[in-house]
Amino acid sequence: DIRFLACSLGKVVISDLQNHRIIQIDQNYKPDPEKSQEDQGDGQVEYGYMGSKFGQFNRPTGVMFDDNGNLLVGDSKNNRLVVFNEKHDMVKIVSVDGATYVNPVDMLRVGKHVMVVYAGTDDSEQSEPAVVRYKLKIDGVSVQTTPAQSDIE
């Protein structure tokens, strides 16, 4: 169940909601109709599987690249954002301290900020959607993200 994609520096990243994974393809990718999606080979990398631990997803949604090629992924049912470096290593889990935003569904880069759309503020059906702005702070190989409205530097 392919839902979201992002492009950067010759790479396309796709979130596969149903199979709890991220698929990345590059300019070397040549689809082979004789092979399954998992066995496409050159130019395709897949990472993640069902779970809530480091490197796992539960229904990944929105995806976005930062200026350094790091990938941000909305991990919807784990109620978090995760950050991967260019080597596909998970380097950070992002959550909003003191808030109960749930189910990040999409994100958009606006200058040095990321706007994240959450399905709500709690798991109840009466919950209203929320948009939270994060400030991207680049520190070496990792991406530091904090809620912009708190002005934490």
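Residues numbered from 1 in each chain as written. Predicted model: local features only at pLDDT ≥ 70, side-chain atom pairs only at ≥ 80, totals over all residues. Heavy atoms only, no water.

Listed in full, the 12 residues of the largest apolar core are Ala6, Val13, Ile22, Tyr47, Phe57, Val63, Phe65, Leu71, Val73, Val82, Phe84 and Met90. Counting residues per element, the ones that place at least two in this core are β5 (60-65), β6 (71-75) and β7 (80-84). (Core = buried A, V, L, I, M, F, W, Y, C linked by side-chain atoms within 4.5 Å. Buried < 20%, exposed > 50% of the residue type's maximum accessible area, 1.4 Å probe, protein only. Helix = DSSP H or I, 4+ residues; strand = E, 2+ residues; numbered from the N terminus.)

For the rest of this paragraph, the subject is the pairing of β6. Here is the key point about a regular strand: its side chains alternate between the two faces of the sheet. Burial runs high along β6: 5 of the 5 residues are buried. Note that β5 and β6 share 4 bridges and pair antiparallel. Looking across to β6, one finds that Val63 is bridged to Val73. Joining the antiparallel neighbours β6 and β7 is a turn of 4 residues, in which Asn79 adopts a positive phi near 55 degrees. (Pairing = 2+ DSSP bridges.)

What follows concerns the environment of Lys87. Mapped onto the fold, Lys87 is located in the loop between β7 and β8 (90-94). Linking Lys87 and Asn70, residues 17 residues apart in sequence, is a C-alpha distance of 9.0 Å.

Our focus in this paragraph is unusual backbone geometry. Unusually for a residue other than glycine, Leu9 sits at a positive phi of about 45 degrees. Here Leu9 lies in the loop between β1 (2-8) and β2 (11-16). Looking at Leu9, the relative accessible area reads 67%, which means it is exposed. Phi at His20 is positive, roughly 55 degrees, even though this residue is not glycine.

Before going further, it helps to spend a moment on the pattern of salt bridges. As enumerated under the stated definition, the model contains 4 salt bridges in all. Glu86 serves as the salt-bridge partner of Lys11, at 4.0 Å between the closest nitrogen and oxygen. One end of the pair, Lys11, is in strand β2; the other, Glu86, is in the loop between β7 and β8, with 75 residues separating them in the sequence. Owing to a relative accessible area of 15%, Lys11 belongs among the buried residues under this scheme. Classification of Glu86 as partly exposed rests on a relative accessible area of 44%. Here Glu46 and Arg21 are joined by a salt bridge, their closest N and O atoms 2.7 Å apart. With a gap of 25 residues between them, Glu46 in strand β4 (residues 44-47) and Arg21 in strand β3 (residues 21-26) connect regions that are remote in the sequence. (Salt bridge = Lys/Arg side-chain N within 4 Å of Asp/Glu carboxyl O.)

Bringing the packing of aromatic side chains into the picture now. Enumeration over the complete set of coordinates arrives at 2 aromatic pairs. Here a set of aromatic residues connected by ring pairs shows up, and it is made of Tyr47, Phe57 and Phe84. (Phe/Tyr/Trp six-rings, centres within 6.5 Å; stacked < 30°, edge-to-face > 60°.)

Once that is clear, we can look at the sheet that holds β6. Pairing in this open sheet of 4 strands is antiparallel, and the strands run β5-β6-β7-β8 from one edge to the other. Each edge of the open sheet carries a strand with a single partner, namely β5 and β8. Geometrically, the sheet is characterised by an average inter-axis angle of 20 degrees between neighbouring strands, direction not taken into account. (Axes fitted to C-alpha atoms, helices over the stretch in contact; angles between N-to-C directions.)

This part covers the environment of Gly55. Relative to the assigned elements, Gly55 resides in the loop between β4 and β5. Sequence separation between Gly55 and Phe84 is 29 residues; the distance between their C-alpha atoms is 9.1 Å. Once residues within four sequence positions are removed from consideration, Gly55 is found in contact with Gly48, Tyr49 and Met90. (Contact = heavy atoms within 4.5 Å.)

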